[in-house]
Amino acid sequence: MLSFARTKIQPPRQRPGMLQARPALDARLAEALATQRLVLVCAAAGYGKTSALARQVDALPEGTALAWVSCDAGDSPLRLFQCLISALEPFDPPWRVEPEALMAGAVGDGTPASRSRGLRAMVAELINALDACEVPHGVVVVDDLHRIEHPAVYEFLDLLLERLTPRWTLAIASRQEPPIALARLRALGELAEFRLDDLRFERDEARALVTSAGLDAATADALFERTQGWPVALRLAMHVLAGARGAAIAAQATAIDRPMFDFLAAEVFDRMAPDQREFLLQTSLLPELTASRCAALTGDPQAAMRLERIERAGLAVSTLAGTELTLRLHDLLREALERRLVQERPDALPGLCARAAASEPDPTRRIDFLLRACDHDGAARVLYQHAPVLLTLGQMSGVERLLERFPPGRAGAAPRLQHVRGLLAWARWDFKAMRDAMQHAEAGYLAAGEDDQALLALGYQAVALNAFGQAEQISPRLLALDRRTLSQERHLIVVLACLWHAMDLGELQQVGPLLDEMMDLLETTPDLSLWYRAHTIPRLNGLPGTADALDRYVEGVMRLTADTPSPLRAMARAQQALRELWQGHVDAAEAGLAAARADAQWLGDPPNVRGVLQLVETLVATARGEREAALDAARRMIDQHPVQRGPWSLAGNLFYAARAAAAFDDLPALVDHVDQLEGLRDRVPPSMVKLLRPLQGLRSWLEGDRAEAMRAWSEAIEVEDQTDRLGSSVEWRLRLAAALVLQGRDRDAVATLAPAAARVAGHAGVGGVLLARQALGVLAEAAAAGRLGAALGATVLAWRGLVQAAARREGATVVDACDGSGGSIGGLSSREIDVLQRIAAGDSNKLIARAFDLSPHTVKRHVANILDKLDLRSRGQAAAWYRDHGASVRH
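Notes on the structure follow.

**Quick notes on helix α47 (residues 845-852)**
Okay, step 1: Listing the buried residues of α47 in full gives Asn845, Ile848 and Ala849. Taken around the axis of α47, the buried residues stretch over an arc of 100°, which confines them to a single face. Of the residues in α47, the exposed ones pointing more than 90 degrees away from the buried face are Lys846 and Arg850.
Okay, step 2: Against the buried residues of α47 lie α46 (830-840), α48 (856-870) and α49 (875-885).
Okay, step 3: At the C-terminal side of α47, aspartate 853 shows a positive phi close to 55°.

Take a look at the structure:
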């Protein structure tokens, strides 16, 4: 997840003597927070909106949940949601989908309709999680909402309020009325509003505040009249009157406005000691003030002491909860100081912003500081550093949001920004956008004299161009390189580009050595972003020399990702399922597919995982002989194919879907898939056009033209060393051999079949056999009659036994919870039972993670699985279920 400053989710804490008690206001606000759907605290700056809500934090009834989020300028709905899920973490909301994946889904394919669907799904999951939280009541505070202009934030809040459970209240503090459906909530009596007149000090409240500072009642009344009860001005005026220049107040107008506030702030500021004044002026840039960050910014070793003085002085600051003293200047004070800084020290501002960026943990804020320092290249480097990790975790939305921080003109010129755009496009399989961005990146790097980076961008271009069958424009330059001299990332991407190009050229004998080279590189690094960029695609299965490298890849990913779900792990599990299927272990393949599906469901069904899973589902169901499941998965693989992936990817899917249709003699589906593939003939590489001929043979066979079918398969076999794709060579040989047997041409059938047996025994695996069930039936009858020779006949009969076993469902391979009779209870795994026991014992997710040495993400995933499998809604229901069934649950 993209990191953010934790102070965004820390409520201000009350400082003894600094938050004036206001019993009437506090009582009304407390009742509203306990009973209303929305509490709106809306007034101009300085009217104590945050203070009013902060006073409620410690006064909330016991057991009440509180999630506090402070808004920053530029926050998007995704960032607001990210902060909110972190603020809710202590209450263990039982998410059924990985929250970070919901954020990626909210971006969708970039179209308004897709974004709207994703936003609604994100809100729906949030509402369900809030409703299932086991708290008597909860309050979500969104402070300083006026800082956000993004219209989708208000759509997010409207959707949330529309269906928010009665056990939760949303409280909003804002300077302006937010553009949400307030009229509807007013009509329903579900809105409590606290406006300027509710928040301004009454005369008696102002008198109590001012006299507590040692001033007399007459002065208090005068200040009340002059400030009209404006809390922040009242407090600053007290400080001025307590000093030598108090008479200046008397000369001002009868009411205090924004310029008057600036005057008061200046009066307080000018009375400070010079070193304290300089410290406050410089640190006003920081969104929050801590001793470490202030010292890094100013070089002042006494930063901690100065912060304590600021806190004791009772200025317009908030103290945030936490172990380290953390102050947040009131917006009015910070803005007044920043204006003064810009006026007095314009030349110092860029350097201060650069130093502020150096200690800023939030990448978004760091980028903003660097942009303000006019260090666009530095800001681009920060994004370049974070983007690969975020994309590996599936956080495409986070990368897109960071790209939006850059000025449009600058974003098009900086090569690293173009580089990141290219990586983002690759994660979405938008190869055209990837190619264009990497071309711009290469040109920018060359212009800047960064030849190594230009080479890296060139490698990425080659990967993209493979999708269009145009890699020959670049690949000769890459093949001529001495790869031993390249850095790790450059070496890896160049090898990957060469590997993909070898497959598209039909130079399949080169694939194995290139894959071994890639794995030798990967196994030297724990950098998951490199493993993600080099992820192995399904069509590598069954090619010469790839089996060991594919196993190494799966093992490496599973080791490095441990128990943490990610798109990378889901795709590795799908690859593992294919590996099992190609070895004839159909039950293990199905179990692996189920594990990959569970990861994908938790991740919100990311598109780059979905397509791989649909292919594996198609192949496993076909191997099982499950007609409807196989054809449905194949249809989804075509219908849900993202347009931006282009014709190259769609053509591959059509090839697999056509083979599945033929496996079940579904002529209409086969014709449809072949016709679509025919329509792509001019838009795909020549090697893919060659895949059409054997599919035309399948069509001819089902249409009754057996001679034409046999000619098509014979032609396909002649180029099988260039076109073999997920066992297709073995399948075509089995189908041709069966046709020859039906003609009584046993010797020709044996000659056709023997190389297939050698391929299966050597490198191809049995995947192609499992997809040729009808042909295998014919061959098995011939083998049983002794027509294929002893050795080859035994091989064919063994294959038939494998296919028959695949059609018989054996017991699940996962460990189940069982009842006393040995039946399954809920299908819980051993680890899920462990987690369920700890839930029943009252442990939080953090305690469970610590007990089993798991990541918090993994515990969330186990909780979601438990609730899904047992059809429950909350942790409390899970605990009750365990109390009812615990005696019979065993591993």
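**Focus on the environment of arginine 226**
Okay, step 1: Note on placement: arginine 226 falls in helix α10 (residues 217-227).
Okay, step 2: In sequence terms arginine 226 and aspartate 144 are 82 residues apart; their C-alpha atoms lie 26 Å from each other.

**Quick word on the packing of aromatic side chains**
Okay, step 1: Tallying each qualifying case throughout the model produces eleven aromatic pairs.
Okay, step 2: Ring geometry for phenylalanine 431 against tryptophan 648: centres 5.6 Å apart, planes inclined by 90°, an arrangement best described as edge-to-face. Within this pair, whereas phenylalanine 431 is found in helix α24 (residues 431-447), its partner tryptophan 648 is found in helix α35 (residues 646-663), the two being separated by 217 residues in sequence. Both residues of the pair, phenylalanine 431 and tryptophan 648, count as buried.
Okay, step 3: When the ring of tryptophan 531 is compared with that of tyrosine 553, the centres are 5.6 Å apart and the planes differ by 40°; the resulting orientation is tilted. Of this pair, tryptophan 531 sits in helix α29 (residues 528-533) while tyrosine 553 sits in helix α30 (residues 547-561), placing them 22 residues apart in sequence. Like tyrosine 553, tryptophan 531 is buried.
Okay, step 4: Members of the aromatic cluster, each reached through a chain of ring pairs, are Trp429, Phe431, Trp500 and Trp648.

**Some details on the pairing of strand β3 (residues 65-70)**
Okay, step 1: Most of β3 is tucked away, with six of its six residues classed as buried.
Okay, step 2: Here β3 shows two buried faces, one formed by Ala65, Ala67 and Val69 and the other by Leu66, Trp68 and Ser70.
Okay, step 3: Relative to strand β4 (residues 138-143), β3 is paired through six bridges, and the arrangement is parallel. Among the inter-strand pairings, tryptophan 68 is bridged to a residue of β4, identified as valine 141.

**Quick word on helix α21 (residues 396-403)**
Okay, step 1: Burial analysis of α21 places eight of its eight residues in the buried class, which makes it a mostly covered element.
Okay, step 2: Within the sequence span of α21, burial applies to Met396, Ser397, Gly398, Val399, Glu400, Arg401, Leu402 and Leu403.

**A few points about the sheet that holds strand β1 (residues 12-13)**
Okay, step 1: If you walk across this open sheet you meet the three strands as β1-β7-β8, and the pairing is antiparallel. Of all strands in the sheet, those bounded by a partner on one side alone are β1 and β8 (326-329).
Okay, step 2: Alignment of strand β7 (residues 317-320) against β8, held across four bridges, turns out to be antiparallel. Residue pairing across strands places threonine 319 opposite leucine 327, the latter belonging to β8.

**A closer look at the packing of helix α1 (residues 23-35) against helix α2 (residues 49-57)**
Okay, step 1: In contact at an axis separation of 10 Å, α1 and α2 are set at 70° when each is read in the N-to-C sense. With respect to α2, the element α1 is oriented roughly perpendicular. Seen from above, α1 lies across α2 with right-handed handedness. Each of Leu25, Asp26, Leu29, Ala30 and Leu33 in α1 lies in contact with α2, whose residues at this interface are Ala52, Leu53, Arg55 and Gln56.
Okay, step 2: Considering only residue class, the contact of α1 with α2 consists of six nonpolar, one polar and two charged.

Conventions used here
Residues numbered from 1 in each chain as written. Predicted model: local features only at pLDDT ≥ 70, side-chain atom pairs only at ≥ 80, totals over all residues. Heavy atoms only, no water. Buried < 20%, exposed > 50% of the residue type's maximum accessible area, 1.4 Å probe, protein only. Helix = DSSP H or I, 4+ residues; strand = E, 2+ residues; numbered from the N terminus. Arc of directions from axis to C-beta. Contact = heavy atoms within 4.5 Å. Phe/Tyr/Trp six-rings, centres within 6.5 Å; stacked < 30°, edge-to-face > 60°. Pairing = 2+ DSSP bridges. Axes fitted to C-alpha atoms, helices over the stretch in contact; angles between N-to-C directions. Parallel < 35°, antiparallel > 145°, perpendicular 65-115°, else oblique. Left-handed = near helix turned anticlockwise from the far one by under 90°. Nonpolar A, V, L, I, M, F, W, Y, C, P; charged D, E, K, R; others polar.

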